[in-house]
Amino acid sequence: MTFVEFLQQLINGLSLGSVYALIALGYTMVYGIIGLINFAHCDIYMVGAYIGFFAATSLHLPFIPTLILAMAGAGIVGVLVERIAYRPLRKASNISLLITAMGVSLLLENGFNCIFGGDPRSYPHNILKQTNIELGPVHTDSLHLIILTTSLVLMVLLQIIIYRTKIGKAMRATSADKDAAALMGINVNATISATFAIGSALAGAAGVLVGILYNSIDPYMGIQPGIKAFTAAVFGGIGLIPGAFLGGLILGVIETFVTAWYSPLAGAIGFIILIIILIIKPSGLLGKKVSEKV
Amino acid sequence: MMKTYVKKLVAFLAASAVVFVVFSLLLSNGVINAYYKQIIMTVCINIILALSANLIINFTGQLTLGHSAFMAIGAYAAAAIYRVGLPFFFSLIFGSLVAALFGFLIGLPTLRLKGDYLAITTMGFCQIIVVVLQNIPQFGGAQGMTGIPADTTFAWVFFSMIITIIVLYHVVNSRQGRAMISVREDEIAAEAMGINTTHYKVMAFTLGAFFAGLAGGLYAFLMMFIEPTQFNYFKSMDLVIYVVLGGSGNFAGCIASTGILTLLPEVLRFLGNYRMVVYPLLLIIIMIMRAKNIRLSRLAGIFRRTGKEGDNNAAA
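Residues numbered from 1 in each chain as written. Chains lettered and ligands numbered in written order. Predicted model: local features only at pLDDT ≥ 70, side-chain atom pairs only at ≥ 80, totals over all residues.

*Asks:* Break down the overall build of chain A for me, with residues and values.
*Replies:* On a plain count of helices and strands, chain A comes out with 11 helices and 2 strands. Along the chain direction, N to C, the helices and strands of chain A fall in the order α-α-α-α-β-β-α-α-α-α-α-α-α. Since a compact globule built from 294 residues should have a radius of gyration of about 19 Å, the 19 Å found for chain A is in line with a globular shape. Residues counted as buried form 53% of the 294 residues belonging to chain A. Excluding contacts between residues fewer than 6 apart, the proportion of contacts in chain A whose partners are at least 24 apart in sequence is 75%. (Helix = DSSP H or I, 4+ residues; strand = E, 2+ residues; numbered from the N terminus. Rg over C-alpha atoms; globule rule 2.2 N^0.38 Å. Buried ≥ 20, exposed ≤ 12 C-beta atoms within 10 Å, placed from the backbone. Contact = placed C-beta atoms within 7 Å.)

Given below as structure tokens:
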């Protein structure tokens with residue numbers, strides 16, 4: 001592999017990784033705040049892709065409004081899922097919540113399959129023009145760069161929301177200690193809803209970006225990226241927002257390189273890395289070791 | 001103590017013999033047709049799987065999302081060794097032993113992890129095993145393995161299930177079983193009491209893998225065709241659902257919920273495509289009902305006599 005090829009693969013890897021990071025953020029935020037592996041999150045991503053698809057085909061919206069509409073739609077779906085399925089189980093055991101999440105995941109996948117059919121659909125070609133860009137000797141195309149930029153912009157926005165706004169502060173407080181936060185006058189339910197809304201909106205954006213990049217969406221499109229994004233979240237240290245970001249990017253880059261080198265490994269490489277990391281450092285890349293108290 | 005135990009065992013064996021004779025008669029008379037026969041056998045295989053997962057998830061308190069990997073290993077190992085020329089019975093045993101070996105090897109490093117980390121790691125192992133199997137051309141790769149004879153009969157499945165129930169029931173009510181339960185209840189306290197928690201976790205994992213491998217072997221020789229994706233993590237999730245809905249630490253509940261949930265998609269077949277929507281919907285409703293303390297295991301209360309654990313809310 002020459003250096004130029006290396007750079008090209010690196011750009012591909014980073015844009016794939018930024019999509020994983022967008023999805024992983026939702027996993028990690030929800031985990032941080034209610035301790036749930038939200039299995040339905042990858043289907044929110046699929047819902048976002050479908051909303052974007054209908055916005056682009058039926059309403060003929062251009063890229064940015066499509067993206068915003070998909071994010072809003074996915075956010076609403078995420079909040080509804082939390083409100084209807086997860087909130088009644090807030091006090092139940094973790095594993096009941098986990099199974100409910102699996103149920104919601106199946107419901108969304110099979111529901112969309114019933115309503116829209118299982119055939120893959122493709123985004124209109126003119127939504128984003130695909131041009132080749134030459135950065136010195138490195139050839140890449142505009143799609144990868146746009147995806148990378150959009151993801152980065154969204155992640156910066158997320159950082160601003162979390163560290164510079166009141167709701168962000170409430171989210172951090174709730175994830176640190178739900179009861180103490182409630183005693184300080186934070187509306188915990190509203191904060192959890194906001195977390196689901198933001199996480200789901202990011203997943204919705206990822207859905208549109210991937211829908212445009214691979215030009216194919218179907219009701220079960222969320223499963224594979226969902227697993228990988230979750231891996232990324234754990235990889236970086238679940239519950240930690242910078243961890244999800246870093247984990248997503250690293251996973252995307254590694255996966256791209258490994259796939260280029262030996263493609264049969266593509267489906268498993270994420271997990272192999274994950275397992276190695278977890279065995280060496282079980283709390284993830286950025287996770288701190290929490291000492292156990294009796 | 002000993003007497004009541006022998007009595008219970010005899011009663012259980014007698015009851016299962018009666019059930020077996022009734023089903024065999026119905027099957028040989030054609031009252032139950034081939035289609036339902038296959039479903040009944042699938043129920044039995046799922047019960048073996050669910051009980052083996054039950055040992056790990058409910059009794060030892062380790063959430064595994066990769067149990068179907070051991071089923072896959074058992075299925076492939078049994079089918080492969082059969083080709084070499086081993087008889088059916090020994091192929092099954094070989095498959096189970098290989099699965100148990102993998103359970104041991106995988107359990108040793110991963111069981112240091114806790115909770116969700118363990119869940120995702122086991123899920124990862126499941127995925128890795130599926131990918132590895134897809135890339136072994138001798139096993140047919142992604143197309144799957146064909147030409148496996150239909151050696152699994154109702155008797156094989158049924159008595160494998162009975163043996164699984166008896167063995168696992170014994171394990172759970174033994175010194176080792178109590179050690180496993182103590183790991184579930186409080187790992188730190190168990191360790192303080194001198195229990196080697198890693199040892200018992202790996203033991204539960206290995207034993208669970210053994211029976212999952214057995215179920216896999218039976219499945220391979222029932223379906224006559226296996227492919228790696230049949231054993232991906234969705235299968236593992238199904239198992240977690242069976243086990244959790246059955247109520248924790250409860251054999252009867254686990255058996256009942258596995259039976260009901262395996263049959264449910266068949267019962268809902270009249271809904272056509274919509275059954276795939278109704279099934280998860282029911283699942284969500286059941287979980288919410290459970291949170292409001294309406295439990296499925298209570299419906300299985302009539303079978304409670306075989307499972308003395310009863311309702312134990314403490315786990316999970």
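*Asks:* An account of the overall build of chain B is requested, with residue identities and associated values reported.
*Replies:* For chain B, the count of helices and strands is 13 helices and 0 strands. The order of helices and strands in chain B, counted from the N terminus, is α-α-α-α-α-α-α-α-α-α-α-α-α. For chain B, the C-alpha radius of gyration of 19 Å lies close to 20 Å, the compact-globule estimate for 316 residues. Expressed along its principal axes, the backbone C-alpha trace of chain B runs to roughly 55 × 45 × 40 Å. Looking at chain B as a whole, 49% of its 316 residues are labelled buried. Here the contacts in chain B between residues at least 6 apart in sequence split such that 80% fall between residues at least 24 apart.

*Asks:* Describe the packing of helix α4 (residues 94-116) of chain A against helix α10 (residues 233-245) of chain B, with residues and values.
*Replies:* Two elements in contact, α4 of chain A and α10 of chain B, have axes separated by 11 Å at closest approach and are oriented at 130 degrees. In terms of orientation, α4 of chain A lies oblique with respect to α10 of chain B. When you trace α4 of chain A past α10 of chain B, the crossing you get is left-handed. Seen from α4 of chain A, the contacting residues are I95, S96, I99 and M102 of chain A; seen from α10 of chain B, they are M237, V240, I241 and V244 of chain B. (Axes fitted to C-alpha atoms, helices over the stretch in contact; angles between N-to-C directions. Parallel < 35°, antiparallel > 145°, perpendicular 65-115°, else oblique. Left-handed = near helix turned anticlockwise from the far one by under 90°.)

*Asks:* Tell me what's going on with the pairing of strand β2 (residues 138-141) of chain A, and back it up with residues and numbers.
*Replies:* Residues and elements named next belong to chain A. Here strand β1 (residues 132-135) runs beside β2; their pairing, made up of 4 bridges, is antiparallel. Bridging across to β2, N132 finds its partner in D141. Adjacent in sequence and paired antiparallel, β1 and β2 are bridged by 2 residues, among which G136 carries a positive phi angle near 65 degrees. (Pairing = 2+ DSSP bridges.)

*Asks:* Describe the environment of Y5 of chain B, with residues and values.
*Replies:* All names here are of chain B. Turning to its location among the elements, Y5 is positioned in helix α1 (residues 2-28). Among the residues examined, Y5 registers 11 C-beta atoms within 10 Å and is labelled exposed. C-alpha separation for the pair Y5 and M180, spaced 175 residues apart in sequence, amounts to 21 Å.

*Asks:* Explain unusual backbone geometry to me, using residue names and the numbers behind them.
*Replies:* Residue and element names in this part refer to chain A. Positioned with a positive phi, H60 is a non-glycine residue whose angle comes to about 55 degrees. Tracing the sequence through the fold places H60 in the loop between α2 (41-57) and α3 (63-86). The backbone of N215 sits at a positive phi, close to 55 degrees, despite the residue not being glycine. Here N215 is to be found in the loop between α8 (188-214) and α9 (223-236).

*Asks:* Now, about the nonpolar core: what can you tell me, with residues and values included?
*Replies:* Formed by 200 residues in total, the largest nonpolar core has its most connected members in I23 and A205 of chain A. The greatest single-element share of this core, amounting to 17 residues, is contributed by helix α9 (residues 197-223) of chain B. Those residues within four positions of I23 of chain A in sequence are excluded, and the remaining contacts are H41, C42, Y45, A203, A206, P225, G226 and A229 of chain A. (Core = buried A, V, L, I, M, F, W, Y, C linked by C-beta atoms within 7 Å.)

*Asks:* Outline the domain arrangement of chain B, supporting the account with residue identities and numerical values.
*Replies:* Residue and element names in this part refer to chain B. Each assigned domain of chain B is listed with its residue range as follows: domain 1 (1-30) and domain 2 (37-306). Domain 1 and domain 2 are separated by 23 Å when their C-alpha centres are compared. Residues belonging to the side of domain 1 that touches domain 2 are distributed by class as follows: 4 nonpolar, 2 polar and no charged. (Domains from an automatic or database assignment. Nonpolar A, V, L, I, M, F, W, Y, C, P; charged D, E, K, R; others polar.)

*Asks:* Go over the interface of chain B and chain A, please, and point to the residues and values.
*Replies:* Counting from both sides, the interface comprises 31 residues of chain B and, opposite them, 35 residues of chain A. Taken together, the elements giving at least two residues each to the side of chain B that touches chain A come down to α5 (115-134), α10 and α12 (275-291) of chain B. At 10 residues, the largest contribution of residues to the side of chain B that touches chain A is made by α12 of chain B. Split into classes, the residues belonging to the side of chain B that touches chain A amount to 23 nonpolar, 5 polar and 3 charged.

*Asks:* Give a description of α10 of chain B that names residues and reports values.
*Replies:* Residue and element names in this part refer to chain B. For α10, built from 13 residues, the straight-helix expectation of 18 Å at 1.5 Å per residue is met to within 8% by its first-to-last C-alpha distance of 18 Å. Taken together, the buried positions of α10 are Y233, K235, S236, M237, D238, L239, V240, I241, Y242, V243, V244 and L245. In the stretch just after α10, G247 is the one whose phi turns positive, near 90 degrees. (Expected span 1.5 Å × (residues − 1).)

*Asks:* An account of α2 of chain A is requested, with residue identities and associated values reported.
*Replies:* Over its 17 residues, α2 of chain A extends 24 Å from the first C-alpha to the last, a length consistent with the 24 Å expected when each residue adds 1.5 Å. Counting buried positions over the 17 residues of α2 of chain A gives 15, a clear majority of the element.

*Asks:* Please provide a residue-by-residue account of the environment of A229 of chain A, values included.
*Replies:* All names here are of chain A. Within the secondary structure layout, A229 lies in helix α9. Look at A229 and you get buried, because 32 C-beta atoms sit within 10 Å. Residues A229 and N94, 135 residues apart in the sequence, show an inter-C-alpha distance of 21 Å. Excluding its chain neighbours within four sequence positions, the residues that come into contact with A229 are Y20, I23, A24, Y27 and G248.

*Asks:* Give me the environment of H139 of chain A: which residues, what numbers.
*Replies:* All names here are of chain A. Among the structural elements, H139 can be located in strand β2. As for H139 and Q8, which are separated by 131 residues in sequence, their C-alpha atoms are 6.7 Å apart. Each residue touching H139, except ones within four places of it in the same chain, is listed here: Q8, N132 and E134.

*Asks:* Account for the confidence of the model for chain B, with residues named and values stated.
*Replies:* Mean pLDDT over chain B stands at 86; residues scoring 70 or higher make up 91%. For this predicted complex, the interface confidence comes out at an ipTM of 0.83, alongside a pTM of 0.83. (pLDDT = per-residue confidence, 0-100.)

*Asks:* Help me get a handle on the confidence of the model for chain A, residues and values and all.
*Replies:* Of all residues in chain A, 98% attain a pLDDT of 70 or more, and the chain-wide mean is 87. Per-element confidence in chain A is highest for α3 of chain A, whose mean pLDDT is 95, and lowest for β1 of chain A, whose mean pLDDT is 76.

*Asks:* Got a sec to walk through the packing of α4 of chain A against α12 of chain B? Specific residues and values, please.
*Replies:* Contact pair α4 of chain A / α12 of chain B: the axes reach a minimum separation of 8 Å and the direction vectors enclose 155 degrees. Taken as axis vectors, α4 of chain A and α12 of chain B run roughly antiparallel relative to one another. The way α4 of chain A lies across α12 of chain B gives a crossing that is left-handed. Contacts between α4 of chain A and α12 of chain B involve S96, I99, T100, G103, V104, L106, L107, N110, G111 and C114 of chain A from the first element and M276, V277, P280, L281, L283, I284, M287, R290 and A291 of chain B from the second. Residue composition of the contact of α4 of chain A with α12 of chain B, by class: 13 nonpolar, 5 polar and 1 charged.

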